[in-house]
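Summary of the model geometry
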Amino acid sequence: MSSRQNPEPMTIEEGCKLIDAAVTKLTRIIEGKPEPPFASHEYIGNYTIVYNMCIQKPPYDLSGQLYEKYGAIFQDYDKDTILPSIMEKHDEYMLRELSRWSDINKIMVRWLSHFFYYLDRYYIARSGNSSLTVVGMTCFRDHVYEKVHFNVKQVVIALIHKEREGQQIDRALLKNVLDLFVQNGMGNMERYEKDFEDFFLTETNSYYSRKASRWIQEDSCPEYMIKAEESLKKEKERVSHYLHSDTEPKLLKNVQTNLLVLVAKQLLEKENSGCSALLRDDKTDDLSRMYRLYHEIPEGLEPVAVAFRLHVTAEGNSLIKQAEDAATSGIVEEQVLVRKIIDLHDKYMAYVTDCFQNHTLFHKALKEAFEIFCNKKVAGSSSAEMLATFCDNLFKKAANDKSNDDSTIESTIDNVVKLLDYISDKDLFAEFYRKKLARRLLFGRFSDDHERSILTKLKGQFGGQFTSKMEGMVTDMQLGKDQQTGFEEYFKNTNTGKPKGVDFTVTVLTTGFWPSYKTSDLNLPLEMVNCIESFKAHYEIKTKHRRLMWIYSLGNCNLTGRFDAKPIELIVSTYQAAVLCAFNNTERLTYQELIDQLNLGHEDLVRVLHSLSCAKYKFLKKEPASKTISKTDSFEFNSKFTDKMRRIKVPLPPVDDRKKVVEDVDKDRRYAIDASLVRIMKSRKVLPHQQLVSECVEQLSRMFKPDIKMIKKRIEDLISRDYLERDTENPSTFKYVA
Amino acid sequence: MRRSAASSKKKSDSITSSTTDLFRSASSKATTKEMDRIDHLFNQYANTSSNLIDPEGIEELCSNLEVPHTDIRILMLAWKMKSEKQGYFTQEEWRRGLKALRADTLNKLKKALPELEKEVRRQTNFADFYAYAFRYCLTEEKQKSIDIETICQLLEIVMGSTFRPQVDYFVEYLKIQNDYKVINMDQWMGFYRFCNEISFPEMTEYNPELAWPLVLDNFVEWIREKQA
């Protein structure tokens, strides 16, 4: 109503009496007891009582006492009414009571704040005391919450346990109760964390620890993972239903640690169902699950990647062993082995891209695994050599069999390039490849497209320097064709010294691109000499300042053998042709005579004679007719020879030059190491030994893995050649000598 | 400080010459006298046509000093002289060495040897001496390495008394290995560091990944195999 005009101020006792009456009414209403609601004049009246008492002139200004009264109302209510009601209940019922009384308290705070509003506006503002709302809530916290939270927490945790074990619980209730914990923190999460969350996490920890121990014993790896995935899902749901969102990361970490981290080794190494078995049996779903589960955990994927690497390494090693066992008399079936390794790579790369989401850890694990077994020797052949031989056979076959599908060749080439990446002796591969490429190019068994394709891919992967020589070789063949046309033109036009009835083709090779071949001073038959001379004349006209070096060991020749029965065309190497033509003039020649006449080395002559007299086709008769050539043998043209074929190709088995290739590569490596060391020291000027070594290894790693001892030796060599010197004060440091 | 009779005749107007002058001239006289004796000693052993003490002369010197020809002390003497050519002492080198030793007679030279040895064996000097010993054996122009046989002898002389076991083992190894036919200065100095820094025969501190010369890596490996 209107402010009191009565000059008599109200005392606190009088005021409290009125207030108490209002409070009683209020509590009855909000406790749900039958009580008519406040009429608006009663509402205003209550407000006014407080207002009047506040504006009274001192000493009757009762703001302070009213503030106290306000606090006392709550205290009494909490202590006398709320707390006992809650305490007499148990379990879920207690929770409900708490929830109910908390709501009631909130309403009470709201209503009484309205009644006492005037205090809020002036007294509290002036005095700096807590607001009415804060007082009300703090009272509840101190006199109710503090007394019951322990028991409440016990009940909550018990209910959660029930839910974990599969039973239904009242989630909404739990949400309310846990909200209370949060609210009673009065602005921070301390109450929630200390009074509930810590206990909850401890309980969770032991719960999942027990589960993990049981499951790991009873279940297979896939079964376990499904259960783990399910548990994590359920716990996440739990958070969304009634836990505070802050709890989520801590909870999940807890569960993951127990279910996944602590048992990782046991789980992954489970016999018959662990990582190894899953990989072997193509269980992509389970592997994907494994990835998903461990991906969440920091550094969780490491053990999985390790298991992956070990498995792939074991598979690779067993392939190597199989090949080793199957290798008879030192000959490895590299076709089979390389194909198997390629297939292995495809299989496990698929796992990396699909199940393991292309994660770098798994790419790395795959790479490391392949690097281990791809660098093993099989029956004396290095992997570099085997891969080069594989390519050789691939291209030779492809050149002959045009029906071969180009795309399979291309994809095989891609695989070869990938495998080469794992081989550390790349320079050794290049050298073997070059030698075999030379043979392919010179004996006409190649397809220009395929050769260029692989070279392009190798260049893309390993740089231009790797393939420059080989590209030069292929280009030489191209140019050779044009040159040959020019050569033939020359004959047509000049008609001088044209080799009589001999078709003659020359391929000019650029030294440096091609492997080095030894020359020999073979005495050719006259017809061949004429050919050589005429080409020389032509070439000298065309180019100046170029020297031709004739490599007869690489040539081949078509001869007609006029045997008694019928003439047969013989396709032989130049050396063999030279030997055979020697019999054009004499029926019979001894070994020594052949040596003298032809000027061939013993090793070569033995090989050639063997191929012509002791092998499948005996064009020459040997006396004595033993299986090997000796220096006392003599030979005769075997006019009685015949065969159903009209054309016979007589291969000359190539000399095993594996040793030479390895030697050549070693020599190149020494130069490369020297160059690298000098380069490094030139730019760094001063460098400690270990750093120099490691930088050198790093620089050269693209082509090969240098032996530390070899590096040391090269350093010493450079010191003695005055490129480097040892620091006199610090003998483990080197200085560049300008 | 008596003026000699001869000089008093010459210096008629030097009544005012100071005692320091006298002292100086006397001591320089003494110095020249010392140098004369040193030269005199030189001439006793030098080859008159080349004016050098040649190997023959050195042998005689050694026998007079009662020191074996291959003794380390002769090498030390050469070091003191900073002698450049093995087997020969020039007059300048001779003067340098004997003056530094303050020895102008054979007897004094003999007496100076133990002191010289002590001086050389001082840690600060020995490394220098050790390197000198190597250079001294480089007889050809532009020669950088010394053959194994000579190295073995040199090691014996220079290090035999102080590092007996290391020298014995290393010499044995050098004789049976095939990787190296000569040893260069770097490897030579490496061995010195090896003897000083690595306990023998345990060699626990030795790490082949460090900057030790490769020959020592192989040496250590060889010993380890023997010990196994």
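Bear in mind the structure is a predicted one, so any value in this text is a computation, not a measurement. (Residues numbered from 1 in each chain as written. Chains lettered and ligands numbered in written order. Predicted model: local features only at pLDDT ≥ 70, side-chain atom pairs only at ≥ 80, totals over all residues. Heavy atoms only, no water.)

1. Quick word on the UniProt feature "domain: DCUN1" (unreviewed entry) in chain B
- When the UniProt feature table is mapped to this numbering, "domain: DCUN1" (unreviewed entry) covers residues 33-224 of chain B.
- Helix makes up 65% of residues 33-224 of chain B and strand makes up 5%, while its end C-alpha atoms are separated by 60 Å. (UniProt positions renumbered as here; feature names shortened; annotations may be inferred. Helix = DSSP H or I, 4+ residues; strand = E, 2+ residues; numbered from the N terminus.)

2. What about the domain arrangement of chain A?
- By domain assignment, chain A separates into domain 1 (12-187), domain 2 (380-462), domain 3 (479-552), domain 4 (555-655) and domain 5 (658-736).
- When each unit is reduced to the centre of its C-alpha atoms, the spacing between domain 1 of chain A and domain 2 of chain A is 87 Å. (Domains from an automatic or database assignment.)

3. Describing the interface of chain A and chain B
- Each partner contributes to the interface: chain A provides 13 residues, whereas chain B provides 17 residues.
- Buried surface at the junction of chain A and chain B, summed over both partners, amounts to about 1300 Å²; 47% is from carbon and sulfur atoms.
- Per-residue buried area on chain A facing chain B is highest for A:Lys712, A:Glu716 and A:Arg726; these three make up 42% of the total on that side.
- Put simply, chain A and chain B have four salt bridges between them.
- The partner of B:Asp186 in a salt bridge is A:Arg726, with the nearest N and O atoms 2.5 Å apart.
- In terms of residue count, the dominant contributor to the side of chain A that touches chain B is helix α28 (residues 708-720) of chain A (six residues).
- For the side of chain A that touches chain B, a count of residues per class yields three nonpolar, four polar and six charged. (Contact = heavy atoms within 4.5 Å. Buried area = accessible area lost by both parts, 1.4 Å probe. Salt bridge = Lys/Arg side-chain N within 4 Å of Asp/Glu carboxyl O. Nonpolar A, V, L, I, M, F, W, Y, C, P; charged D, E, K, R; others polar.)

4. Section: the domain arrangement of chain B
Residues and elements named next belong to chain B.
- As assigned here, chain B comprises domain 1 (30-121) and domain 2 (124-227).
- Here the C-alpha centroids of domain 1 and domain 2 sit 29 Å apart.
- Contact with domain 1, which involves 18 residues of that partner, is made by 14 residues of domain 2.
- Summed over both sides, the interface between domain 1 and domain 2 buries roughly 1300 Å², with carbon and sulfur atoms accounting for 63% of that surface.
- Counting the surface domain 1 buries against domain 2, the share from its top three residues, Leu75, Trp79 and Gln86, is 46%.
- If you look at where domain 1 meets domain 2, you find zero salt bridges.
- Our enumeration of links across domain 1 and domain 2 arrives at seven residue pairs in polar contact (both at pLDDT 80 or more).
- Looking at the side of domain 1 that touches domain 2, the elements with two or more residues in it are α4 (72-81) and α6 (106-121).
- Counting residues per element, the side of domain 1 that touches domain 2 draws most heavily on α4, at five residues.
- Counted by class, the side of domain 1 that touches domain 2 contains eight nonpolar, four polar and six charged residues. (Polar contact = N/O pair within 3.5 Å; in protein donor to acceptor, adjacent residues only side chain to side chain.)

5. Examining the environment of A:Phe115
All names here are of chain A.
- Looking at where Phe115 falls in the secondary structure, it is placed in helix α4 (residues 91-115).
- The sequence separation of Phe115 and His295 amounts to 180 residues, and the corresponding C-alpha distance is 58 Å.
- What Phe115 contacts, discounting residues up to four positions off in sequence, is Ala22, Phe38, Tyr43, Asn46, Tyr47 and Val50.

6. Here's the deal with the packing of aromatic side chains
- Evaluated as defined, the whole model comprises 60 aromatic pairs over all chains.
- With a centroid separation of 4.8 Å and 65° between ring planes, the pair formed by B:Phe170 and B:Phe219 is classed as edge-to-face. Here B:Phe170, found in helix α9 (residues 164-176), pairs with B:Phe219, found in helix α11 (residues 214-227); they are 49 residues apart in sequence, far enough to count as distant. Exposure class is identical for B:Phe170 and B:Phe219. Each is buried.
- Pairwise contacts between aromatic rings join B:Tyr169, B:Phe170, B:Tyr173, B:Phe191, B:Phe194, B:Phe200, B:Tyr206, B:Trp212, B:Phe219 and B:Trp222 into one cluster.
- The ring of A:Trp101 carries A:Arg100 above its face, with NZ or CZ at 5.0 Å from the centroid.
- When the ring centre of A:Phe150 is taken as reference, the NZ or CZ atom of A:Lys153 above it lies at 3.8 Å. (Phe/Tyr/Trp six-rings, centres within 6.5 Å; stacked < 30°, edge-to-face > 60°. Buried < 20%, exposed > 50% of the residue type's maximum accessible area, 1.4 Å probe, protein only. Lys NZ or Arg CZ within 6 Å of the ring centre and 35° of its normal.)

7. Here's the deal with the nonpolar core
- Ranked by internal contacts, the top residues of the largest apolar core, which has 162 residues, are A:Phe116 and A:Phe308.
- The biggest single contributor to this core is helix α6 (residues 132-164) of chain A, with 13 residues.
- When residues of this core are sorted by domain, at least three fall in each of domain 1 (12-187) and domain 2 (380-462) of chain A.
- Dropping the residues within four chain positions of it, A:Phe308 is found in contact with A:Leu279, A:Tyr348, A:Tyr351, A:Val352, A:Phe356, A:Phe362, A:Ala365 and A:Leu366.
- Within the second largest apolar cluster, 71 residues are counted, among which are B:Met35, B:Tyr45, B:Leu155 and B:Val220. (Core = buried A, V, L, I, M, F, W, Y, C linked by side-chain atoms within 4.5 Å.)

8. Some points on the packing of helix α2 (residues 40-55) of chain A against helix α5 (residues 117-127) of chain A
Residues and elements named next belong to chain A.
- Put simply, α2 and α5 touch, their axes get as near as 8 Å, and they point 25° apart. Judged by the angle between their axes, α2 and α5 are roughly parallel. Of α5, the residues touching α2 (which contributes Tyr47, Tyr51, Cys54 and Ile55) are Tyr117, Tyr118 and Leu119.
- Across the contact of α2 with α5, the residue classes tally to seven nonpolar, no polar and no charged. (Axes fitted to C-alpha atoms, helices over the stretch in contact; angles between N-to-C directions. Parallel < 35°, antiparallel > 145°, perpendicular 65-115°, else oblique.)

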